[in-house]
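Structure assessment
Spelled out, the chains give:
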Amino acid sequence: VAYLTIFHILFVLFVWTYWKSIFTLPVQPDKKFHMSYADKERYENEERPEVQRQILAEIARKLPVYTRTGNGGIRFCDRCQLIKPDRCHHCSVCAICVLKMDHHCPWYVLDNWIFLFFWSIFCFYLSFSLALCCFSLQGELTNGRSKFHVLFLLFVALMFFVSLMFLFGYHCWLVSRNRSTLEAFSAPVFQNGPDKNGFNLGFVKNLQQVFGEEKKLWLLPVVSSQGDGHFFPMRALCEAQNPLLANEEQWEDDGIDEEPHGKATQKEISCVL
């Protein structure tokens, strides 16, 4: 009875998180990031690339956008005709821009995006999958006809456990650094250049970004992430408000490679405030 109770609790939680991960619709950027008809016409009629970059810079001044392209320009999607919010990327499969943290990932058994503000559900999905694999490894071999079936189950559970353990550990490391999978391979570019720790606020604050400020909800498979996926607090802006914060976070995150940041402008400080 105890084994069946534990199994069904884990199974229900696993199915719940799997269902939420599969059927959650991709979130597109807000309308304020889309070009107006006048700006779109002015941008398309201009043939000089430098003038086009100036037009995008003028539009982006009204938006909370801080990441840049490799050449320092505003991140703009020609297909969706919008200014890309920070950590937003275009999906070649869905043909739209979505707020995501990982590629389309059928190899995760999830033919869906993993959203930055929906990251907690995916982490719970991995944890419950690991728990079910551990539960399956508790089987015992017998000399009956079911010996082959039990042995096959143990082998499959072990293979899934090893692969999920590495995947879960990798995502735990990403959460602790507040990095998306895309950012782990290619550092986001800011006004002062690439910075892989640009969104790293310290271990505790990184967990709050994904699991929310209510610590009692951290162990429950509910969406409690901060923000709406359009704007994310940045390390450089926090340090501009409080210079002592840089030293405090450095004590918390030993081993983080620091890169120099310039002083934040008045506009950046006012956006955070």
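Definitions and cut-offs
- Residues numbered from 1 in each chain as written.
- Predicted model: local features only at pLDDT ≥ 70, side-chain atom pairs only at ≥ 80, totals over all residues.
- Heavy atoms only, no water.
- UniProt positions renumbered as here; feature names shortened; annotations may be inferred.
- Helix = DSSP H or I, 4+ residues; strand = E, 2+ residues; numbered from the N terminus.
- Patch = residues over 30% accessible without salt bridge, like charges linked within 9 Å, V, L, I, M, F, W, Y side chains within 5 Å.
- Areas by Shrake-Rupley, 256 points an atom, 1.4 Å probe, with all protein chains shown as cover.
- Salt bridge = Lys/Arg side-chain N within 4 Å of Asp/Glu carboxyl O.
- Buried < 20%, exposed > 50% of the residue type's maximum accessible area, 1.4 Å probe, protein only.
- Core = buried A, V, L, I, M, F, W, Y, C linked by side-chain atoms within 4.5 Å.
- Axes fitted to C-alpha atoms, helices over the stretch in contact; angles between N-to-C directions.
- Parallel < 35°, antiparallel > 145°, perpendicular 65-115°, else oblique.
- Left-handed = near helix turned anticlockwise from the far one by under 90°.
- Contact = heavy atoms within 4.5 Å.
- Nonpolar A, V, L, I, M, F, W, Y, C, P; charged D, E, K, R; others polar.
- Lys, Arg positive; Asp, Glu negative; His and termini not counted.
- Polar contact = N/O pair within 3.5 Å; in protein donor to acceptor, adjacent residues only side chain to side chain.

UniProt's entry tags residues 6-27, 113-138 and 150-170 with the feature "transmembrane region" (unreviewed entry), counted in the numbering of this structure. For the annotated span residues 6-27, helix accounts for 82% and strand for 0% of the residues, and the straight-line distance between the end C-alpha atoms is 35 Å. The span residues 150-170 shows a helical share of 100% and a strand share of 0%, and its end C-alpha atoms are spaced 30 Å apart.

Right, let's talk about a nonpolar patch on the surface for a bit. A contiguous nonpolar surface patch, about 570 Å² in accessible area, is contributed by F155, L158, M159, V162, M165 and F166. Summarising the element assignment, M159 is placed in helix α5 (residues 147-177). Residue classification places M159 among the partly exposed positions, given a relative accessible area of 42%.

Here the focus is the nonpolar core. With 19 residues, the main nonpolar core has W119, L126, V175 and F211 as its most contacted residues. For this core, the secondary structure elements donating two or more residues are α4 (119-136), α5 and α7 (203-211). Examining the composition of this core, we find that 10 residues originate from one element, α4, more than from any other. Judged by nonpolar contacts, the second largest core, of 13 residues, contains F33, V51, V65 and I74.

Relative orientation of the contacting elements helix α2 (residues 37-45) and helix α3 (residues 49-60) amounts to 160°, with a least axis distance of 9 Å. When the axis of α2 is compared with that of α3, the two are roughly antiparallel. Our pair here, α2 against α3, has a crossing hand that is left-handed. Here D39, R42 and Y43 of α2 come into contact with α3, specifically with Q52, I55, L56, E58 and I59. Of the residues that constitute the contact of α2 with α3, the class distribution is four nonpolar, one polar and three charged.

Within the structure shown, the criterion is met by four salt bridges. A salt bridge links R87 to E183; the shortest N-O distance between them is 2.7 Å. Placement of R87 in the loop between β2 (82-83) and β3 (88-91) and of E183 in helix α6 (residues 181-185) is noted, with a sequence separation of 96 residues between them. R87 gets classed as buried once you look at its relative accessible area, which sits at 4%. Exposure remark for E183: the relative accessible area of 7% places this residue in the buried category.

To continue, consider unusual backbone geometry. Although it is not a glycine, Q81 adopts a positive phi angle of roughly 55°. With respect to the secondary-structure elements, Q81 resides in the loop between β1 (76-77) and β2. Residues other than glycine seldom take positive phi values, yet R87 does so here, at roughly 65°.

Turning our attention to the side chain of R75. Its place among the elements puts R75 in the loop between α3 and β1. Buried charge without a partner: R75 forms no salt bridge, and the closest opposite charge is D86, 5.2 Å away. A polar side-chain atom of R75 sits 2.9 Å from the main-chain carbonyl oxygen of P85. Only 2.4 Å separates the side chain of R75 from the backbone oxygen of C88, close enough to count as a polar contact. What R75 contacts, discounting residues up to four positions off in sequence, is T67, R68, T69, L82, I83, K84, P85, D86, R87, C88 and H89.

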